[in-house]
Every structure is written in C-alpha cells, then in structure tokens.
Amino acid sequence: MAALGIAAGSANWFTALALGVTLLKCLLIPTYHSTDFEVHRNWLAITHNLPISQWYYEATSEWTLDYPPFFAWFEYALSHVAKYFDPEMLKVHNLNYSSSRTLLFQRFSVIFTDALFVYAVYECCKCIEGRKSGKELLEKPKFILSVLLLWNFGLLIVDHIHFQYNGFLFGLMLLSIARLFQKRHVEGAFLFAVLLHFKHIYLYVAPAYGVYLLRSYCFTAVKPDGSVRWNSFSFVRVTSLGLVVFLVTALSLGPFLALNQLPQIFSRLFPFKRGLCHAYWAPNFWALYNVLDKVLSVIGLQLKLLDPSKIPKASMTSGLVQEFQHVVLPSVTPLATFVCTLMAVLPSVFCLWFKPQGPRGFLRCLILCALSSFLFGWHVHEKAILLAILPLSLLSVEKADDASIFLILTTTGHFSLFPLLFTAPELPIKILLMLLFTIYSISSLKTLFRKEKPLFNWMETFYLLGLGPLEICCEFLFPFTSWKLKYPFIPLLLTSVYCAVGITYSWLKLYVSVLTGPPVGKTKKK
Amino acid sequence: MEKWYLMTVVVLIGLTVRWTVSLNSYSGAGKPPMFGDYEAQRHWQEITFNLPIKQWYFNSSDNNLQYWGLDYPPLTAYHSLLCAHVAKFINPDWIALHTSRGYESQAHKLFMRTTVLIADLLIYIPAVVLYCCCLKEISTKKKIANALCILLYPGLILIDYGHFQYNSVSLGFALWGVLGVSYDWDLLGSLAFCLALNYKQMELYHSLPFFCFLLGKCFKKGLKGKGFALLLKLACTVAGSFILCWLPFFTDKEQTLQVLRRLFPVDRGLFEDKVANVWCSFSVFLKIKDILPRDIQIIISFCFTFLSLLPACVKLILQPSPKGFKFTLVGCALSFFLFSFQVHEKSILLVSLPVCLVLNEIPFMSTWFLLVSTFSMLPLLLKDGLLLPSLVTVMAFFIACATCFSIFEKICEEELQLKSFSISVRKYLPSFTFLPRIIQYLFFLSVITMALLTLMTITLDPPQKLPDLFSVLVCFVSCLNFLFFLVYFNIIIMWDSKTERNQKKVN
C-alpha cells in the first residue's frame with residue numbers, strides 16, 4: 001500500500017485515473033448481471049471439460065459457444081484459474097450456477113483483463129497532438145482523452161454491470177489503431193487479425209483496415225496530386241502483411257479445419273436465423289423503418305385501406321427475437337441489410353482510397369464503417385455502438401467539429417444502452433454514471449474548444465436536452481400509467497427511435513465532414 | 001468560473017460510490033431475533049407511525065423498549081415518522097405494528113437506502129460543497145479536490161450506506177453549524193448545531209468547542225456592549241430551537257425525564273463491544289468495567305475527558321478564531337471518544353468530520369487519521385459483510401488524497417504545522433530537527449500494521465482461547481494511533497497563535 005501511495009503520490013494522474021476507475025469497477029461487483037454471465041460461465045465449463053472437437057457442437061445449455069476460437073481459448077485459459085475459485089462452475093450441466101465465488105471470479109476476470117485496455121489508452125494518449133495543451137492539467141487533450149476512454153459509461157455498464165468482456169477486446173482495437181498511428185503497420189495488422197479471431201463483430205471495421213494498409217502501407221509513394229503511384233507497390237510489404245494475417249488465421253482456425261468443423265463454426269458465428277432487430281431494438285435505421293411500418297399500418301387500419309385479418313400476429317414490438325413480417329413496407333431480408341450496409345460503407349472506403357489523410361483519415365473511415373453497419377446491419381445489438389464511440393473519442397479532442405459529433409453520438413448512444421439495465425437498484429447507478437460522463441465530456445470539450453465556435457447549434461441542444469424528459473417519462477412516469485400492461489414496449493420503442501434519430505444525424509454529419517473534407521495535398525505535407 | 005462543472009462531477013462521483021456501497025449487505029441482515037441497526041431504524045418508523053407521540057419513549061405492550069427502543073432525540077423520531085409516511089404510501093406492511101418486525105425484502109432495502117441517500121443529498125453534501133467553496137486562499141482546483149476527498153471519506157459512507165445509519169444528517173447539521181459560526185452567521189450556525197444535537201445526542205462531543213468559540217466571540221466584542229447582546233441572542237436561539245424540538249415532550253415532567261433517561265443510558269456500561277478508546281484498550285490488562293463500581297467509572301471517565309480537553313477549550317475562549325475552532329473540534333471530539341463514558345466504535349465519525357475540515361491544512365496527518373479511523377471500525381464492518389466495499393473505498397480515498405494533495409511531498413515542519421512547536425523545543429534541545437522524519441516513519445509503521453492486521457483478520461482464524469484476539473488488537477492499535485493524534489492536535493492548538501504572532505512580527 002505504501003508503494004502504491006508513492007506511485008500515486010508522484011502526481012501521476014494517469015495511474016490515479018486508471019486505479020480510480022478500477023476501484024469503481026470493484027464496487028460494481030454486487031450489481032445485477034445479465035444472462036451473459038451464464039453464457040460465459042457455460043463457455044468456461046465447455047472449454048475446460050470438453051476436447052476441442054466438441055467445443056462448437058456442445059449444446060447442453062442454450063448459450064452455445066458462438067465466438068471465434070481465440071475467445072474459446074481465452075475462456076480455456078480463464079477456466080484454469082477458475083478451478084481454484086470454485087470448481088463447481090466448471091461443470092457443463094451446472095446450468096445457471098452462480099455462487100459468490102463464481103461471481104467474484106467472473107467479475108475480477110473482466111476487471112483484470114481490462115489492464116490491456118488501460119495500456120491501450122495509454123498508448124493512444126501518446127498519439128494525439130497536444131499542441132493546444134495549456135499549462136493546466138485538466139485542460140490537456142491527453143487528460144481529457146484518457147478520462148473519456150477509461151471512464152467510458154458504455155464500457156462500464158456493459159462490461160461491469162451487464163457483464164461482457166469488451167474491455168480487453170477494445171483494448172486490442174485501440175492498441176492496433178495506436179500502432180497504425182505510430183507507423184508500426186505490421187504490428188497493427190497483427191493485433192487486428194488477433195482481435196477478429198476473438199470476436200467477429202469487428203469484421204464491420206475490417207474494410208477500413210484493408211484499404212488503409214493497402215493504400216498507405218503497400219504503396220510506398222504517391223504522385224504529387226495525391227493519387228496512387230502504381231509502380232511503387234511493394235511486394236515485400238504486402239507479403240509480410242499477408243503472412244501475418246494468414247498465420248493468425250491458421251493458428252485460430254487451423255485445428256478446426258483439420259477436424260473438418262469449419263461449416264459448423266461458421267453456422268455458430270453467423271446465426272441468420274435470428275431476427276432483423278435484437279430483443280431491445282438497437283437505435284438504428286431499422287428501428288425507424290419498423291416504426292414507420294407500424295405507423296403506416298395503424299393509419300391504414302384507420303382508413304380501412306388494410307384488411308385486419310391479413311395482418312400477421314407476430315408483434316415485433318413485444319421484444320422477442322424472431323423473424324417478423326412487415327405490414328406495409330417490404331420485409332427486410334439479410335441480403336437487403338447486407339446490400340444497404342455495403343452501400344453505406346463504400347463511399348467512406350472510396351474516400352480513404354482516393355483522399356488518404358494519414359491515420360486520422362483511416363480512423364474516420366473506421367468509425368464510418370462501424371456506424372454504417374450499426375445503422376443498417378442485421379440483428380445489431382445496441383452495445384455495438386461502442387465500436388464507433390470509443391475510436392471517435394480519439395478524434396474528439398483534436399478538432400471542434402469532431403468533438404460536436406462525438407458528443408451527440410456518445411450521449412444518444414449511451415442513452416440507448418439504458419434499457420440494458422432495467423432493475424431498480426441499478427437505476428440510480430446508470431443515471432449517476434451517465435450524468436457523470438455526459439457532464440464531464442460536454443463541459444471539458446467545451447472548455448477545450450472555448451475559443452472556437454460553439455459545439456452545438458440550438459437544434460442539437462434541444463435534442464440532447466430532450467433526453468432528460470424522455471428518461472423521466474420512460475422510467476418514472478410510464479410505470480404508473482395504465483398503459484404499462486397494455487403497451488409495455490412503449491418506453492423501449494421511444495428510447496430507440498429517439499436515439500436512432502441522433503445516431504443517424506451524427507452519422508450523416510460525420511459523412512459530410514469526411515466527404516467535404518480538405519483535399520489531399522494540404523494534409524499530406526505535414 | 002469555468003471549473004464548476006468539476007464540482008458537479010465530484011458530487012456525482014460521491015453519490016455513485018455511496019449508491020454502489022449501498023448495494024451491499026447491512027447490519028443484522030437475516031439475523032433474527034435482534035437483527036441490527038437497519039431493523040432499529042425500521043422499527044422506529046413502525047413505532048412513531050403507529051403510536052401516539054406520548055408513548056414513543058415509554059415501555060408498553062406495543063413498544064418493547066428492550067427491542068430497539070427509541071433512544072435518540074426527538075428529531076430522529078420525527079425523521080422516522082416522515083419516512084414512515086412515505087413507507088406507508090409504498091407498502092403498509094413495512095411499518096405494520098408488531099407484524100412487521102424483522103421485515104426484510106429487496107424493495108424495502110431499496111427504500112431504506114434511498115432515504116439515506118436523500119437525507120445525505122439534502123443536508124451533508126451541500127454543506128461539504130459549500131464549505132469547500134468558502135475556503136480561503138486556495139485555488140478553485142484545490143477546493144474541488146478537497147471536496148472530492150471529503151466526499152470519499154470511507155468511514156461515513158460505509159457506516160451510513162453499508163452498516164445503515166443516518167450519521168450524515170447529524171454530521172451534516174453540525175457542518176452547517178461550523179459553516180455558520182465560522183463566517184459570522186452565529187445565530188444560523190447555532191441553530192444548525194442545535195438541530196444536530198437534537199438529531200443525535202452524540203453531537204455533544206462537538207458542543208464544547210461551539211460553546212467556547214461563541215463565548216470567546218462574545219468576550220472579544222466586550223461583555224458589556226455588543227458581546228452581551230450577541231450572547232442573549234444566542235441563548236434565545238438555542239433555547240428556542242430546543243423548545244421547538246421538544247415541545248411535545250414538555251407537556252409533563254415525566255415525559256421529559258423519560259426521554260432524557262433514554263438518551264443517556266448510564267446503566268449500559270463504560271463502553272460497548274470493542275471500541276478503540278482508552279478504557280477498552282486498557283481492559284486488556286485490567287478489567288476496570290468489572291472491578292470498579294459504576295459511579296466511580298463515571299467520575300473517572302469524566303475527569304479524564306475534562307482534563308484532556310480543558311486546555312484547548314480555554315485557549316479557544318481566550319483566542320477565538322475559525323481555524324482554532326476547527327482544530328479544537330478535532331481535539332475535543334477525540335478526547336470524548338478516547339476517555340468518555342459509553343462510547344460506540346461508530347462515534348469516531350464525530351472526530352473524522354472535523355478532521356475532514358482540516359484536510360487542506362494538514363493533508364498528510366488528516367489522511368493518516370482518516371485511514372486509522374476507518375480501520376478502527378474494521379471488526380464492525382467485517383461483521384456486516386462489508387469487506388470488499390471497505391477495502392475498495394479506503395483505497396479510493398487514499399489514492400484521491402495522495403493525488404490531490406501529493407501528501408508525501410508535504411512532510412516538513414511547516415506543512416505539519418509544527419514549526420512553532422519545534423522552535424520552542426529547540427530552545428532547550430537544539431538538535432530537535434528529526435520530528436518530520438519520525439512522523440514519516442510512524443506513518444509507514446502504522447499503515448503496515450493496519451495492513452497486516454487487516455490481512456490477518458481476514459485470512460486467519462483466531463485461536464480458540466482468544467476468539468476476540470484480532471478485534472482487540474485492532475482496537476488497541478487504533479487506540480495507540482488516536483492517542484498520538486490527540487497529542488499532535490493539542491500541540492497544534494496550543495502553539496497555533498504563536499505562529500501568527502511571529503508572522504505578524506515578520507510582517
């Protein structure tokens with residue numbers, strides 16, 4: 001403890017911030033945890049007890065292993081620590097087992113693996129430009145960035161209350177971004193390849209990585225007007241990249257290829273049997289689409305344009321994961337969402353190819369990829385918004401425009417996570433933490449850019465302030481109204497539709513800023 | 001000021017920590033037949049709601065005083081009544097007479113925790129924020145850092161939100177009192193302090209410094225002119241607020257006497273459970289509690305308390321200053337805690353509050369004291385199943401203090417406020433320059449002892465012959481620390497004005 005004190009006493013603010021949030025995470029141990037807790041316990045049991053060949057076939061629990069092999073290996077490694085805590089949790093048939101030691105072990109495993117996230121944040125802080133930094137510590141971009149990342153509201157509630165292992169995965173992603181910023185491209189590619197084999201949701205941002213590495217690493221020179229010089233293509237570089245990615249993939253999928261299990265793995269990883277929207281609607285384009293369909297069908301019924309007997313009974317708004325027929329608008333197939341996502345991603349990728357702006361341009365493209373697939377993807381979880389929020393934090397402390405987009409996206413995106421925590425004891429925690437993060441992010445970025453134009457116009461201010469009344473209506477007033485039993489889905493519906501507007505808006509704003517951004521020549525010279 | 005958003009952030013951090021601690025267990029959870037302080041507070045709601053005011057403090061078939069009878073002053077009873085009305089609105093089972101005994105449920109826990117949070121939010125937290133904002137001669141950043149450290153003080157959080165009590169109400173009122181009196185709002189200050197006193201009689205620990213400071217102020221203004229007027233006004237305020245609080249109990253003499261008997265239960269003995277005070281620690285060697293008759297115990301404890309706080313109080317009357325007042329509050333409360341009759345382990349919070357107030361003046365020593373004070377309640381916290389939140393909040397508090405005040409760079413005679421004392425000692429002992437180093441070594445020794453003892457208490461089973469070994473050790477070690485602090489704070493108080501005089505000479 002004394003050594004700790006000396007470490008903290010030497011005014012090392014980063015250590016203090018990291019330790020502070022770690023202690024907060026420890027305080028969150030007794031909070032509510034979702035079924036994901038049982039999911040991960042089950043995976044611990046599966047990987048610990050069964051041979052590799054059984055990992056992707058075992059189906060005693062409904063929560064089958066549906067993450068790529070590296071994550072399974074990660075659970076395997078954890079299980080060897082877990083047996084010292086409580087061997088009971090490692091039994092496959094011990095469904096929904098949750099002793100206090102199991103709880104402690106699982107919670108602490110998340111907290112400890114977050115060390116990688118802390119390190120990645122530390123590396124990221126080195127990458128941003130600190131030219132605006134004044135003397136005041138609290139107004140340094142590095143300080144603000146580390147608070148925005150380390151104390152991120154979404155990560156805290158998703159990982160440490162709801163229960164998931166996003167912390168170290170995002171750590172890997174931020175670390176690989178930091179490596180690209182530091183011109184250590186192969187290392188960055190390696191980290192990203194590893195990340196993909198931990199959790200395949202990161203495939204959404206793979207186009208940005210692919211195009212950036214090809215354009216800015218494999219081609220070693222550009223023409224004076226910024227377009228690519230085709231003869232500067234470096235075979236050594238492309239081979240090294242390919243080799244790294246191939247080796248990682250071989251290490252991950254190789255054993256299963258040998259067992260001839262790849263089709264089984266892929267059917268687990270990409271379950272298209274699930275519905276268009278997750279149980280709680282993610283605030284994306286499809287939420288707006290569904291609501292439009294609902295409104296049109298209600299209008300249609302009122303005007304007697306529709307035949308009530310033909311309306312399918314499966315109500316999408318009741319919050320079940322199932323396939324659903326739209327009434328008025330055409331139904332959405334996985335292929336349609338795929339095409340939409342591709343259409344949304346393509347412009348940003350083209351922009352990255354034709355108007356490369358260094359690692360910052362790459363980061364913008366990555367965020368756009370994440371946001372586009374969040375908006376148009378099939379069966380998107382609301383948690384996926386973190387994929388855009390965390391990288392955008394890096395940009396937000398450098399430019400006022402980005403800061404404004406970041407604040408709108410973060411506030412609405414975080415608010416849309418509220419339905420994840422629906423139990424009464426966690427209500428104050430989520431509101432307090434949300435206020436904490438929102439007030440800090442808005443005020444500190446406002447202070448940072450106080451000499452430039454205001455971050456929000458009146459419309460944005462009005463929209464963000466509207467979140468307050470919305471929360472009061474949804475969680476404090478609605479439960480006391482008579483609609484609670486008849487239309488229990490209304491709060492969820494309102495939340496995701498309201499947030500979908502903000503997220504779509506920030507997506508458009510970011511897209512506009514990327515497409516109309518400065519031409520190549522200006523930024524290349526730096 | 002642009003940095004006020006940071007104050008909001010600090011308050012939110014304080015609230016978050018409070019609420020997360022409150023998710024843990026409380027005293028007496030699932031332990032019939034007596035349960036713990038949580039049940040006591042619930043029971044008081046039941047009693048005050050269902051019985052007429054005349055019967056609150058009397059034993060009857062409906063009000064068994066042996067089962068958590070009301071033994072706090074009227075304001076606590078009114079507060080319970082208020083909470084009971086809310087409880088009745090939510091779920092009448094919670095306060096049903098007789099049948100609700102030992103009622104426990106998740107919803108009820110949530111309700112009780114919320115009442116604590118609301119009381120804290122209304123009384124204690126605003127007082128802390130205002131106190132820090134009013135501090136003079138330090139930067140805004142330091143004020144906010146100070147507020148963070150005070151709001152993160154683990155002792156109060158763990159007792160109020162873990163163990164379950166409403167200390168933030170009485171301590172909050174006392175803090176409002178300190179604020180008022182320090183900034184010359186004497187009447188409001190004394191009103192606030194009377195409220196504190198009527199909420200919890202333990203606030204008597206703070207009463208002497210308040211009395212002496214106000215008396216000293218009156219003397220300073222001249223007892224024949226303004227001072228006398230002030231004295232009259234103060235007397236009226238105090239009498240008025242007391243009468244107001246006690247009005248229902250002044251109807252007949254027996255009522256008043258019964259309340260007083262309930263407030264000062266002399267027959268409960270010299271100390272309760274394991275307390276880190278002198279008597280409990282001394283009984284390791286000699287069981288005074290059993291050897292001496294009770295009235296002699298009372299006399300002895302009274303004499304010791306009185307003698308140990310006399311110098312500081314006299315000094316405060318002669319030279320009243322806000323700074324001296326704060327330090328005297330520490331000294332007096334500590335004397336009471338160490339020597340007085342019938343002390344609870346939780347009473348250390350009454351010392352911690354004024355120590356929090358001097359945190360920015362002597363950060364190193366205050367942090368140390370606040371760590372020891374939390375440690376002294378370890379047996380209680382362990383009994384309530386609050387090990388994890390205790391460790392976490394203590395570490396968070398320590399990191400906050402270490403980072404905000406960089407305490408380890410501030411161990412010199414000036415920062416410890418021992419300059420004038422050392423100078424006077426050096427007149428007789430010229431080589432007396434090693435004090436700061438000794439204090440530093442003592443700090444490390446104390447922290448290591450505390451860490452080791454905590455570790456032993458958690459991991460080892462005590463020997464069968466001495467089942468209380470670890471808790472007695474905890475109390476003993478804490479008591480030694482507290483005695484050291486008593487000496488230290490009295491030195492600061494006694495040598496205080498000499499520095500001022502010296503500075504004036506220099507100027």
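Reading the values: rules and limits
Residues numbered from 1 in each chain as written. Chains lettered and ligands numbered in written order. Predicted model: local features only at pLDDT ≥ 70, side-chain atom pairs only at ≥ 80, totals over all residues. Heavy atoms only, no water. UniProt positions renumbered as here; feature names shortened; annotations may be inferred. Helix = DSSP H or I, 4+ residues; strand = E, 2+ residues; numbered from the N terminus. Rg over C-alpha atoms; globule rule 2.2 N^0.38 Å. Buried < 20%, exposed > 50% of the residue type's maximum accessible area, 1.4 Å probe, protein only. Contact = heavy atoms within 4.5 Å. Areas by Shrake-Rupley, 256 points an atom, 1.4 Å probe, with all protein chains shown as cover. Lys, Arg positive; Asp, Glu negative; His and termini not counted. Charge placed at Lys NZ, Arg CZ, Asp CG, Glu CD. Buried area = accessible area lost by both parts, 1.4 Å probe. Salt bridge = Lys/Arg side-chain N within 4 Å of Asp/Glu carboxyl O. Polar contact = N/O pair within 3.5 Å; in protein donor to acceptor, adjacent residues only side chain to side chain. Nonpolar A, V, L, I, M, F, W, Y, C, P; charged D, E, K, R; others polar. Domains from an automatic or database assignment. Phe/Tyr/Trp six-rings, centres within 6.5 Å; stacked < 30°, edge-to-face > 60°. Lys NZ or Arg CZ within 6 Å of the ring centre and 35° of its normal.

- An unreviewed UniProt entry lists chain B under the name Alpha-1,3-glucosyltransferase, with Oryctolagus cuniculus given as the organism.
- Chain B has a UniProt comment under Sequence similarities (unreviewed entry) that states "Belongs to the ALG6/ALG8 glucosyltransferase family."

- Within an unreviewed UniProt entry, the label attached to chain A reads Alpha-1,3-glucosyltransferase, and the organism entered is Oryctolagus cuniculus.
- Looking at chain A in UniProt, the text filed under Sequence similarities (unreviewed entry) is "Belongs to the ALG6/ALG8 glucosyltransferase family."
- Regarding chain A, the UniProt comment filed under Pathway (unreviewed entry) reads as follows: "Protein modification; protein glycosylation."

1. Describing the overall build of chain A
Item 1. Secondary structure summary: chain A contains 24 helices and zero strands in total.
Item 2. At 24 Å, chain A has a C-alpha radius of gyration in line with the 24 Å of a compact globule built from 526 residues.
Item 3. Counting only C-alpha atoms and orienting by the principal axes, one finds that chain A spans roughly 65 × 60 × 55 Å.
Item 4. The buried share of chain A, taken over its 526 residues, is 56%.
Item 5. Considering only residue pairs separated by 6 or more positions, chain A has 77% of its internal contacts joining residues 24 or more positions apart.
Item 6. About 22,500 Å² of surface is accessible on chain A, with carbon and sulfur atoms providing 69% of the total.
Item 7. Side-chain charges of chain A comprise 44 positive and 28 negative groups, with the mean position of each set lying 9 Å from the other.

2. Overview of the interface of chain B and chain A
Item 1. Taken together, the contact between chain B and chain A spans 34 residues of the former and 34 residues of the latter.
Item 2. In total, chain B and chain A occlude about 3,200 Å² of area from one another, counting both sides; carbon and sulfur atoms represent 84% of this.
Item 3. Across the contact surface, chain B and chain A share zero salt bridges.
Item 4. There are one residue pair in polar contact (both at pLDDT 80 or more) connecting chain B and chain A.
Item 5. When contributions to the side of chain B that touches chain A are tallied by element, the ones reaching two or more residues are helix H1 (4-22), helix H19 (387-405) and helix H21 (435-459) of chain B.
Item 6. In terms of residue count, the dominant contributor to the side of chain B that touches chain A is H1(B) (twelve residues).
Item 7. Grouping the constituent residues of the side of chain B that touches chain A by class yields 23 nonpolar, seven polar and four charged.

3. Examining unusual backbone geometry
Residue and element names in this part refer to chain B.
Item 1. In this structure, the amide linkage connecting Pro 32 to the following residue, Pro 33, adopts the cis form with an omega of 5 degrees.
Item 2. Looking at the element boundaries, Pro 33 is found in the loop between H1 and helix H2 (37-50).
Item 3. Phi at His 98 takes a positive value of approximately 65 degrees, unusual for a residue other than glycine.
Item 4. In the Ramachandran plot, Gln 417 falls in the positive-phi region, its phi being about 60 degrees despite a non-glycine side chain.
Item 5. Structurally, the position occupied by Gln 417 is in the loop between H19 and helix H20 (419-428).

4. What about the domain arrangement of chain A?
Residue and element names in this part refer to chain A.
Item 1. Once the domains are mapped, chain A shows domain 1 (17-269) and domain 2 (285-524).
Item 2. Averaged C-alpha coordinates put domain 1 and domain 2 at centres separated by 23 Å.
Item 3. Counting residues at the interface gives 52 residues for domain 1, matched by 54 residues for domain 2.
Item 4. Looking at the side of domain 1 facing domain 2, the largest losses of area belong to Leu 148, Phe 153 and Tyr 204, adding up to 16% of the total buried there.

5. A word on the side chain of A:His200
All names here are of chain A.
Item 1. You can see His 200 is positioned in the loop between helix H10 (185-196) and helix H11 (206-218).
Item 2. With a relative accessible area of 15%, His 200 lands in the buried category.
Item 3. Among all residues touching His 200, those that are not within four sequence positions of it are Asp 66, Tyr 67, Pro 68, Leu 269 and Phe 270.

6. Things to note about the packing of aromatic side chains
Item 1. Per the stated rule, a full pass over the model turns up 83 aromatic pairs over all chains.
Item 2. Across the ring face of A:Trp353, the terminal group of A:Arg215 is positioned such that the distance to the ring centre comes to 5.7 Å.
Item 3. Sitting above the plane of the B:Tyr67 ring, B:Arg101 keeps its charged end 4.1 Å from the centroid.

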